[in-house]
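Results of the structural survey
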Amino acid sequence: MTDSANVDFSARQTLPEVDPQFTRRWSPRAMQNTRIPDQHLATIFEAARWSPSCFNDQPWRFYTSTEATFDSFLKLLNDANQSWAKNAAVLGFVVSRQHFRHNGKPNAHADFDTGAAWMALALQAHQLGYHAHGMAGVHFDGVYDYLGLERDKFRVICGFALGLRGDPAVLTPEQRAKENPSGRVDLAEVWLSR
Ligand SMILES: Cc1cc2nc3c(=O)[nH]c(=O)nc-3n(C[C@H](O)[C@H](O)[C@H](O)COP(=O)(O)O)c2cc1C
């Protein structure tokens, strides 16, 4: 399991039967650039591959950096995200293909399905001891251009950082103050039985 020593999970009180994998996964900003073995990376994205999708279309794409491209990926993040994600092992972008394979029509559920796949990879990463931290703060135009993605065929949804947890001392005081697993709104707000 993951390196959760000295992490305060007290904001995550939940019903007793909820599997801890859902509450122990979180998005730290303090990361380590220790290399992630290819086998682990393959396992993380393989988990995403088994996600459900409309017409089993599997519209998700995950683009990840190599050692050679890490700095190019980093430049595609906004300054706030660059400040901590520079310490991650791998950076990536989540992309969804906007048209169905079987008939070429627009797939209104492509982003929903891609989000499900993201959660699968985040949980698998956590099972292996890593953290996956999503990032909306990216230069989207730059990502389309860098990855050579046609804007009418693909949607860049977000970036992400992957890595082992690092020492919070590398963070700014402001980031450090937020470096704990967050709580959630009440169940009654999201589950409405009618
Ligand atoms: C699509 C998406 C975009 C996000 N964008 C950012 C971001 O730009 N910068 C950042 O530091 N965290 C970002 N986050 C992390 C969220 O703030 C975090 O997931 C949320 O507060 C819940 O915390 P948890 O992941 O630790 O459970 C993003 C998460 C997601 C899923």
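Each remark here, short or long, concerns the structure printed above.
A brief report on the enclosed structure follows. Since this is a predicted model, take the numbers as computed values, not measurements.

What follows deals with the site of the ligand. Around the ligand sit Trp 26, Ser 27, Arg 29, Asn 81, His 133, Gly 134, Met 135, Ala 136, Gly 137, Cys 158, Pro 181 and Ser 182, and those are all the residues in its vicinity. Top element by residues in the shell around the ligand is strand β4 (residues 131–135). It accounts for 3 residues. Here the shell around the ligand is built from residues that sort into 5 nonpolar, 6 polar and 1 charged.

In this structure, Phe 70 sits in helix α3 (residues 70–75). Sequence separation of Phe 70 and Ser 10 is 60 residues, and the distance between their C-alpha atoms is 35 Å. What Phe 70 contacts, discounting residues up to four positions off in sequence, is Ser 65 and Leu 91.

For Phe 55, which is not glycine, the phi dihedral falls at a positive 60°. Structurally, Phe 55 can be placed in the loop between α2 (38–49) and β2 (60–64). Its identity as a non-glycine residue notwithstanding, Gln 58 has a phi of 55°, on the positive side. With respect to the helices and strands, the residue Gln 58 is situated in the loop between α2 and β2. Taking the number of C-beta atoms within 10 Å as the measure of exposure, Gln 58 has 19 and is therefore partly exposed.

The next thing to look at is helix α5 (residues 110–127). Between the first and last C-alpha of α5 there are 26 Å, a value that for 18 residues agrees with the 26 Å anticipated at 1.5 Å per step. Contact partners of the buried residues in α5: α1 (20–24), α2, β2, β3 (90–97), β4 and β5 (154–165). Positive phi appears at Gly 129, one or two residues downstream of α5, with a value of about 100°.

Each value, and the rule that gives it
Residues numbered from 1 in each chain as written. Predicted model: local features only at pLDDT ≥ 70, side-chain atom pairs only at ≥ 80, totals over all residues. Near = placed C-beta within 6 Å. Helix = DSSP H or I, 4+ residues; strand = E, 2+ residues; numbered from the N terminus. Nonpolar A, V, L, I, M, F, W, Y, C, P; charged D, E, K, R; others polar. Contact = placed C-beta atoms within 7 Å. Buried ≥ 20, exposed ≤ 12 C-beta atoms within 10 Å, placed from the backbone. Expected span 1.5 Å × (residues − 1).

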